[in-house]
Amino acid sequence: MSVNNYRMSIQRNAKPVDINQRKVINGLEADVIQLYPMKHKFAWDYYLAANANHWLPTEVSMQLDIELWKSPTALSADERSAFETVLGFFTTADSIAANNVVMGFYKHVTSPEIRMYLLRQAYEEAIHTHAYQYIVESLSMNQAKIFNMYREVDAIYNKEEFILGFNEGIFDGNFKTGTFANDQKFLENWCVFSLIMEGIFFYSSFAVVLGFKRQNKLIGSAEQIEYIMRDESMHLNFGLEIINAIREEQPELWTPEFQNHIVDLVRKAAKLEYTFAKEVFPSGIFGLNAENFKQYIEFISDRRLERVGLPAQFNVANPFPWMSEVVDLAKKKNFFETRVTEYKTGGALNW
Ligand SMILES: [Fe+2]
Ligand SMILES: [Fe+2]
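Structure report, in brief. All chains use their own residue numbering, which begins from 1 and follows the written sequence. Whichever chain is written first becomes A and whichever ligand is written first becomes 1, with later ones labelled in order. At least 70 in pLDDT is required for a residue's local features to be given in this predicted model, at least 80 for side-chain atom pairs to be given and counted, and no such filter applies to totals for whole chains, interfaces and linings, which use all residues.

1. Focus: the overall build of the chain
Every helix listed is a DSSP run of H or I at least four residues long, and every strand listed is a run of E at least two residues long, numbered separately from the N terminus. Each helix and strand counted, the chain has 13 helices and zero strands in total. The N-to-C order of helical and strand elements in the chain reads α-α-α-α-α-α-α-α-α-α-α-α-α. Taking the principal axes of the C-alpha coordinates as reference, the chain spans close to 70 × 60 × 35 Å. As a rule, residues whose C-beta atom has 12 or fewer other C-beta atoms within 10 Å are exposed, those with 20 or more are buried, and those in between are partly exposed; C-beta atoms are placed from the backbone. When burial is assessed residue by residue, the chain has 41% of its 351 residues classed as buried.

2. Remarks on the packing of helix α3 (residues 77–106) against helix α7 (residues 154–171)
Convention adopted: a line fitted to C-alpha atoms gives each axis, helices being fitted over their contacting stretch, and angles between N-to-C directions are expressed from 0 to 180 degrees. Interaxial distance between α3 and α7 falls to 11 Å at its minimum, and their mutual angle equals 10 degrees. Our classification of the angle between α3 and α7 gives roughly parallel. Between α3 and α7, the residues in contact are Gly 88, Phe 89, Thr 92, Ala 93, Ile 96, Asn 100, Met 103 and Gly 104 and Ile 156, Lys 159, Glu 160, Ile 163, Leu 164, Asn 167, Ile 170 and Phe 171, respectively. We call two directions roughly parallel when the angle between them is under 35 degrees, roughly antiparallel when it is over 145, roughly perpendicular when it lies between 65 and 115, and oblique otherwise. Two residues form a contact once the distance between their C-beta atoms, set from the backbone, is within 7 Å.

3. Some words on unusual backbone geometry
Backbone torsion omega between Tyr 36 and Pro 37 reads -5 degrees, so that peptide bond is classified as cis. As for its placement among the helices and strands, Pro 37 is situated in the segment before α1 (41–52). Phi at Asp 31 is positive, roughly 60 degrees, even though this residue is not glycine. Relative to the helices and strands, Asp 31 resides in the segment before α1.

4. A closer look at the environment of Ala 155
Along the chain, Ala 155 falls in helix α7. Separated by 120 residues in sequence, Ala 155 and Thr 275 have C-alpha atoms that sit 6.1 Å apart. Residues in contact with Ala 155, not counting those within four places in the same chain, are Thr 275, Phe 276 and Glu 279.

5. Some details on the nonpolar core
A set of buried Ala, Val, Leu, Ile, Met, Phe, Trp, Tyr and Cys residues, joined to one another through C-beta atoms within 7 Å, is what we call a nonpolar core. Ranked by internal contacts, the top residues of the largest apolar core, which has 84 residues, are Val 86, Ile 200 and Val 209. Among the elements that make up this core, the one with the highest residue count is helix α8 (residues 180–214) (19 residues). Contact partners of Val 209, with chain neighbours within four places excluded, come to Val 86, Leu 218, Ser 221, Ala 222 and Ile 225.

6. What to know about the environment of Phe 201
Note that Phe 201 resides in helix α8. The buried category is assigned to Phe 201, around which 24 C-beta atoms lie within 10 Å. If sequence neighbours within four positions are ignored, Phe 201 has contacts with Ala 93, Lys 159, Ile 196 and Glu 273.

7. Details of the packing of α3 against α8
Contact pair α3 / α8: the axes reach a minimum separation of 10 Å and the direction vectors enclose 155 degrees. Here α3 lies roughly antiparallel to α8, going by the angle between them. The interaxial crossing formed by α3 with α8 has left-handed handedness. Here Ala 82, Phe 83, Val 86, Phe 89, Phe 90, Ala 93, Ala 97, Asn 100 and Gly 104 of α3 lie close against α8, whose contacting residues are Asn 189, Phe 193, Met 197, Glu 198, Phe 201, Phe 202, Ser 205, Val 208, Val 209 and Phe 212. Residues that form the contact of α3 with α8 fall into these classes: 14 nonpolar, four polar and one charged. Helix crossings fall into two classes, left-handed where the near helix is turned counterclockwise from the far one by less than a right angle and right-handed where it is turned clockwise. Residue type decides the class: Asp, Glu, Lys and Arg count as charged, Ala, Val, Leu, Ile, Met, Phe, Trp, Tyr, Cys and Pro as nonpolar, and the leftover types, Gly among them, as polar.

8. What to know about α3
To estimate how far a helix should reach, multiply one less than its number of residues by 1.5 Å. In a regular helix each residue adds 1.5 Å, so 30 residues correspond to 44 Å; α3 covers 43 Å between its end C-alpha atoms and thus fits that length. The reported bend at a residue is simply the angle between two axes, fitted to the 7 residues ending at it and to the 7 residues beginning with it. Taking the largest bend as the criterion, α3 deviates by roughly 30 degrees, centred on Asn 100.

9. Description of helix α10 (residues 256–280)
With 25 residues, α10 extends 36 Å from end C-alpha to end C-alpha; this agrees with the ideal 36 Å at 1.5 Å per step. When α10 is considered as a whole, its buried residues turn out to be Ile 262, Val 266, Ala 269, Ala 270, Leu 272, Glu 273, Phe 276, Ala 277, Glu 279 and Val 280.

Set out below in C-alpha cells:
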C-alpha cells in the first residue's frame, strides 16, 4: 500500500471500510479519517466522558492557599520544600506527557476513534500544565526556581530523563511502525508512558498534595490535583486498554523477553521514584515519609503490572488506604457528582 501514516490519499471505493482491518497501529486499510463504524469503542466512551468532565484551573479558589503560603508559621520549612519539589516535577512532567501524546502516539495510531481521545488527552495535559502554573503564580512562588527544578534537582532530572529516553526512537521523523522491532519500540513507549509516567510517577506526587489536604492545608491546590487526578485516572486506564488492545491485535510482540523487559523497567522506575521521595521527605512530614512512600510506590507498581497481565513484583500492602479512596477513584461517584452534573447543565447552550 502506498499510503503511510503521515500522508494520506483517499482511495476511491464504494465498498464500506472493513472494520476488521482497523488496528491501534498498522491498520491503514481501514482508513484513519473515517470515524464510523468504530472498532475501539472504549476510546469513544473515554472521549465522551472526558468532555463531560471539563474543568479549568481558574475556576478553583486559591484564596485559602494564598493566605496559608504567606503565613510565616502555617507551614514548616520541610512542608514548603516538599510542596515545591512536587510542583518542580509536575510543571515539566505534563509538558512531557503532552509531547508524548502529540508527537509520539498520534501520528502512528491508525484508529480514528483512538485519535479522538488522544486529541482530548493532549488538551487535558495543557490544562494540567496550566493548573501548576496557576498554583505557582497564585502563591507568588519563585517561578524561576520551580520551573527550572527539573534541571537542578537530580531526583526530578533522573525521572524525566528516564522517560525522555524512550521518546527518542519514536519521535524520530523517520520512525515508522510496521516492523517487529519498531512495533515493539512503539509498544515499549506506551508501556513506559502509561504504566510508569502516568501510573507511578504522577500518583506518588498526587499523594503528597493530598497528604496536605488531610491536614486541611493547601486545599485549593489539592482541589486542582483532584481534578487532574480524575483526568489522569482516565489517561491511565485508557493507556492500559491500548496496551491490551495491541497485545490482542499483535500478540507476537508480547514475547517473554519483552515482558521481562517491561517488568525490569517498572522495577527501575520504582527505585527512581523512591529516590525522588527521599528528596521530597528528607525527614518526613505529617506521617508521610520516604519509607512509607516506597511501599506505596511498590503497591501501585504491582497494580499497574497486573492490569497488563504481568506478575506483581513487590507484594506489599497499601500503606495509604486513604489514597485508594481518592486516587483510584473508588468514590468516584461522589466526586463526579459534585461537578459533572453542573457542567452538563451549564454546558447546554440555548439558541
Ligand atoms: Fe496530565
Ligand atoms: Fe495524562
